[in-house]
Structure formats: structure tokens, C-alpha cells
Number of protein chains: 2
Amino acid sequence: MGEFELLARVRERLPAPGPRVRLGMGDDAAITVPGGATATSVDAIVEGVHFSREHCDAGTIGRKALAVALSDLAAMGAEPGEAYVVLGVPPGMGEEECMELIDGATALAAETGTTLAGGDVTRAPALTVAVTVVGHAADPERFVTRAGARPGEALVLTGEVGGAAAGLLLLERPELAAAVTPAIAERLRARQVAPRPQLGAGRALAAAGATAMIDLSDGIGGDALRLAEESGAGLRIDTSALPIADGVIEVAAAAGRNPLQLATSGGEDYELLAAVPPERLDEAAAAVGAAGAALARVGETMADSGVEIKLPDGRRLEAGGFDQLS
Amino acid sequence: MGEFELLARVRERLPAPGPRVRLGMGDDAAITVPGGATATSVDAIVEGVHFSREHCDAGTIGRKALAVALSDLAAMGAEPGEAYVVLGVPPGMGEEECMELIDGATALAAETGTTLAGGDVTRAPALTVAVTVVGHAADPERFVTRAGARPGEALVLTGEVGGAAAGLLLLERPELAAAVTPAIAERLRARQVAPRPQLGAGRALAAAGATAMIDLSDGIGGDALRLAEESGAGLRIDTSALPIADGVIEVAAAAGRNPLQLATSGGEDYELLAAVPPERLDEAAAAVGAAGAALARVGETMADSGVEIKLPDGRRLEAGGFDQLS
């Protein structure tokens, strides 16, 4: 497979570029006219580290690589714009499988209004997909960083947690699926292999005055700590308020795992955690609802630094403590 | 080595960000205010495919990864702005070596006015460095694509060719160095491991009215064909006018290779090939000279399609024919 032939095929089947793109894939560089402020993030996934080709077809891998990158734009409240994809192709992976991978990414790009504007293809010892995404806003102040939370704000979470970790358990140990209905098992596996970047909810939270926001890639325990540190504020999370995905408790029980540990440090849920001034909480919930997602109040920001976690039995843990839950 | 610890160390030692960067490494995304048009390109290099860790220390690899990416911005005539680096770290590569790699990239970033604005670190089976670079211009028409050459223009080349291919021969077969002086051998090896993106020359050519431009990553034979195809024009290249780097002829002779083949299809010289209207040729040469590079007229554009190559002995080859030179 020649790099140029593959890129030419990719170029042929891409949808029309977005309004900011003046020149897409195929030249030395893509040309865009951002017309405001940009948010740019890079994310790479590697076979054997982030995914197994046993569990995912190429299209699913391409889609997930873009989804994970776009999740960072969601966490900024950005409008998605362009994506640039580096594909490292291992021995034995043919051109058709590469095209399936690109088609998976392209499908999510079309759903989210993202233009696949550039790329590079190289040989590699393991399948590698590195994605750079560029999102937009009218001015830089519209973006929500991790650093703006102030004491006395509400801590909110989109969607549900634990599903991606339970889905991974189901992929690795298919016999655990007997603990839930087939529909729930399928939904949990989909949370793992086909995460949805919360772009609409992210923009809604930004518009509703979110002061700090982060996407949950590693689990709420670790990611909340990063938000607290960057904001120089403390966070209190009430685990009884965490919306846990259907089936997580059953799968955890069948696997002999603590469901709260899956829900808080399993990672890969790609939901958004944000701080919102309390007087704008109703507005934020309505805006996130209009974007098709749910919003739960899971805690609050405090003057002290660090993250305090309230367990259902009344015990309190420090951040990172989720990992020690048995 | 933890990803967060490494990124935190990287973040600490980065120089101050450029004027367009409002938020650099460390959040979900970097925030910039481009204020005009952007050119964006991605390039990845992989151990065992693009480089050998036997021939290069980590700093050299980091520098080369950024150089190769910036060369695409040079070919657009862009002002370099931001770079985003994905680092795939193989087993056995420690944190210090990662920092050396980043330091190598950072040094070139500082030399070229580029801000290292974001990154991702992951485990990988082989050392992988994927770099996204963003360059700038006041408006999109200032960028020079591959597509604008018209018949009757001069075809010009910055610098010298063949050095990178001869340098690779010297790295792979050190005994060939006896064919040249130590200083020349060192210069040829540096052409291979430490290419210099021709950013100043690229901007000078853009300002002097270059109608199409490409950087020589694969060799003038293949890259000229891409420029011709995108422009819908023909090119004639006179090989006797090609500036061949000192020592290439001697190293080629010692290796039993045709020097013209090294100079035209060896690749990795990262010089710029451009079409310039003949009445602006003197202006272009002066501007490139002021940017510290040489400019040679190596051919012209024609109405016919394709690339015609005139050899010193009067024979004529079609593009791609360089590969068959013995």
C-alpha cells in the first residue's frame, strides 16, 4: 500500500469541508480561516495500550480515536472544526482496513460537523491513531478551562459513569454478560468502544456560565483532582449523587469488583465534570437537557484545596482513594 | 514514568509562548487567537521506519520530528506558530530520554519562533513522534499551495540536494566516510539527522510571487511530479543545473551508486521547489539570499502535463525515471 494512493482514496470520499476550511487534505498543509479563537488538542491511541483489535473492528477504532480527541474540545465548550489524523499501519493491515478506519472517523466527523482536513500515513509496529482536533469560539474567553472554579459553586456531571469500565470487563470476560440483559450488555460495551464526545453539552455548559470543566478520561477521582488543582479550589463529591450506568452494579458484582470503583476510577466515560455558579444551575440543566444530555449535581467547590469524597456509608476519602476501594 | 508527571516537567521548562497563544500545554486544549489564516500539517516519524536510535540520540530525534513538520509550513510560505507533539514511548525508554527528546524539539521551536503548545504521551511498541504544526499568514491567499504553477514560469530550488541521502549512506556504512574529508562527512550526516526547515526562504518565495511550492521530502523526481499534477502543468528539470551537495559524488562513487539518483530520489533534503514568474526571478533570488539560503533555477514549467528530466548526457527521462538510474 502506498501512502499517496491511500491518501488519494481518503481525499476522494471525504464530505465537503466546513466553512472555515479553504484547502483540505492533499497539499503540504491545510488552509483555514478560523475567524476567532481556537482550541487545539492532540490524542493518540495505540493497539495493545488503549484498545485490542480483537474487540474492535477498524471502523470502531477510527471512530473512537476521533471521539476521544473531540471530547477534549467538548470540555472546552468549543465548536468542533477540523481534525488531522496520523495513521500508523502495522504489518498485515491492508488498504481496505485502513479505509474502514478512516470511514469510522469520517462518520463521526460528519455527525459532529468536523472536517477531516489533513493526515499522514506511516508504517508502524502496532496500529496507532493520533488525532489533532481544532475547535472554535468567537473569542478566547468563551472557552472553559480547568482553572476557573471558585468556592461555593455547584459541581455537575453530564450523563452516567461506570459504563465504559463495565463494558471493558464484558469484552475481556464475556461470561460476565449473564449478569445483565443482552440490551444492557450491548449498551455497556458500546460505552467502551464507541464513546460519544459531549460536544453539545459542553457548549451548553459554557454558555450557561460554567467556570471550569474537564472531560472524564481517567475517572472522576483523578480528573476532579486535576480540575481542583488547576482552579486552586477544593471539591467535595457525594458519591450517592453519582449517576451510575444501568448494569454496572450487576457486572461489578459478577466480577467481584466494587461498582463505585468502576464508576469513579474505571475511566473512559468521557462525560463532562464542570463547576457552575449555583444561581445558574437551573439554566445549565435546561441547556444541557436541550442538547440531549442529563445533568446531575454531584458535589460542590470549597475553599480548601484537594478533593473530598463522601461515600454512601458516610466514610470520607481523599482523591485517589477510589483506587483503594475493594 | 507517569504521563502527567512527564507533561508537568515538559510544561515547566518550555519557553514563553508566542503572541497568539493564550493558554499553552496543560489543559484539555491549548487556546490561540490566530488573527488571520492558518496552515496546518501533521507528520509522524517512527523508529525502524524513519530513523534508527543507533544513529540518533533522543534530542536529535525530537528535533528532526519538528523539523520535518515545519518543512511543510515552509513550503506554504507560512510563519510558524504552534506545535503539538504526540510521543509514543517504547519499553526501556526512561523519563530522562523523553526529556532530551522534548528538549531537542524545544530548541528548534525556540530557533524558529514556534510555541510547543500541547502534547500527549503514551506507551508504544516503538518510539513514535507525531507533530502537528500550525503556521500563520494575514490572509489565506498569502499561502503558496502546490496548485498554482502556470506554463512559462521558472522552476527554482533552494539549497543543495543529495546530502541527506549521502548522509544516510555514511551512517549505515561508516567506512564510506574515507571518500570525503571529516568535515564534509559530518555535514552530510547532519543533512540526514538534523534537517533545517527552510522557513525564511519559504516566506521569501511567497512574498516574491511564487505560484506553487513543495518541500522535497521524497526527492525532486517524485515531489516535482506532485507539484505538476496539482498545478495541472508540466515541468522540465535540467539535472545539470541541480546544486548537488559537496561530497555526494564521492560518497556515491564509493558506494557504487549513481550520484544523480541520490540527489533526485534519495529524499529528505527538505529544500523547497517552487515556480516563480520569470520577471520576478531576480527578486526571488535576492529575497531568498536575504533569508540566508541560495536559490538555483533548475528548470521551467510547460503547457504539457508531466515532468521531463534532462540528463547531463542529453537523455530525457520521465518523472519517476530517477529511480531507474543505475
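For the structure itself, look to the data block above.
The paragraphs below set out a description of the structure included in this document. These numbers were taken from a predicted model, which means no experiment stands behind them.

## Some words on the interface of chain B and chain A
So, point 1. Residue-level contacts link 52 residues of chain B with 52 residues of chain A.
So, point 2. Summed over both partners, the interface of chain B with chain A buries about 3900 Å², with 58% contributed by carbon and sulfur atoms.
So, point 3. Linking chain B with chain A are six salt bridges, by the criterion used here.
So, point 4. Of the charged contacts, one joins Arg146 of chain B and Asp28 of chain A as a salt bridge, the two residues approaching to 2.9 Å between their closest N and O atoms.
So, point 5. Our enumeration of links across chain B and chain A arrives at 17 residue pairs in polar contact (both at pLDDT 80 or more).
So, point 6. In terms of residues, the side of chain B that touches chain A owes the most to one element, strand β3 (residues 37-46) of chain B, which gives nine residues.

## Observations regarding the sheet that holds strand β8 (residues 212-215) of chain A
Each strand in a sheet pairs with another by means of backbone hydrogen bonds, the pair being arranged parallel or else antiparallel.
Residues and elements named next belong to chain A.
So, point 1. The mixed open sheet is built from seven strands, whose spatial order is β8-β10-β7-β11-β9-β12-β13. The open sheet has two edge strands, β8 and β13 (316-318), and neither has a second partner. Sheet twist, expressed as the average angle between the axes of neighbouring strands with direction ignored, equals 25°.
So, point 2. Pairing of strand β9 (residues 234-238) with strand β11 (residues 295-302) involves four bridges; the strand directions are antiparallel. Pairing of Leu235 across the sheet is with Thr301, part of β11.
So, point 3. The strands touched by helix α7 (residues 220-231) are β8, β9, β10 (272-276) and β12 (306-310); relative to β8, the strand with the most contacts, the crossing angle is about 150°.
So, point 4. Sitting on the sheet, helix α10 (residues 281-290) touches β7 (154-158), β10 and β11, and the angle it makes with β11 is about 145°.

## Examining α10 of chain A
Residues and elements named next belong to chain A.
So, point 1. What α10 keeps buried is the set Leu281, Ala284 and Val288. Along the axis of α10, the buried residues cluster in a sector spanning 60°; they form a single face. Set apart from the buried face of α10 by more than 90 degrees, the exposed residues are Asp282, Ala286 and Ala290.
So, point 2. Where α10 is buried, its residues meet β7, α6 (199-207), β10 and β11.

## Overview of the pairing of strand β10 (residues 272-276) of chain B
All names here are of chain B.
So, point 1. For β10, the tally of buried residues reaches five of five residues, placing the bulk of the element in the interior.
So, point 2. Residue alternation in β10 divides its side chains into two sets, Leu272, Ala274 and Val276 and Leu273 and Ala275, and both sets are buried.
So, point 3. In the sheet, strand β7 (residues 154-158) pairs with β10 via four bridges, with the strands oriented antiparallel. Its bridge partner being in β10, Leu157 is matched across the sheet by Leu273.
So, point 4. As paired strands, strand β8 (residues 212-215) and β10 are joined by four bridges and run antiparallel to one another. Its bridge partner being in β10, Ala212 is matched across the sheet by Ala275.

Analysis parameters
- Residues numbered from 1 in each chain as written.
- Chains lettered and ligands numbered in written order.
- Predicted model: local features only at pLDDT ≥ 70, side-chain atom pairs only at ≥ 80, totals over all residues.
- Heavy atoms only, no water.
- Contact = heavy atoms within 4.5 Å.
- Buried area = accessible area lost by both parts, 1.4 Å probe.
- Salt bridge = Lys/Arg side-chain N within 4 Å of Asp/Glu carboxyl O.
- Polar contact = N/O pair within 3.5 Å; in protein donor to acceptor, adjacent residues only side chain to side chain.
- Helix = DSSP H or I, 4+ residues; strand = E, 2+ residues; numbered from the N terminus.
- Pairing = 2+ DSSP bridges.
- Axes fitted to C-alpha atoms, helices over the stretch in contact; angles between N-to-C directions.
- Buried < 20%, exposed > 50% of the residue type's maximum accessible area, 1.4 Å probe, protein only.
- Arc of directions from axis to C-beta.

Purely geometric stuff here, so don't read any function into it on its own.
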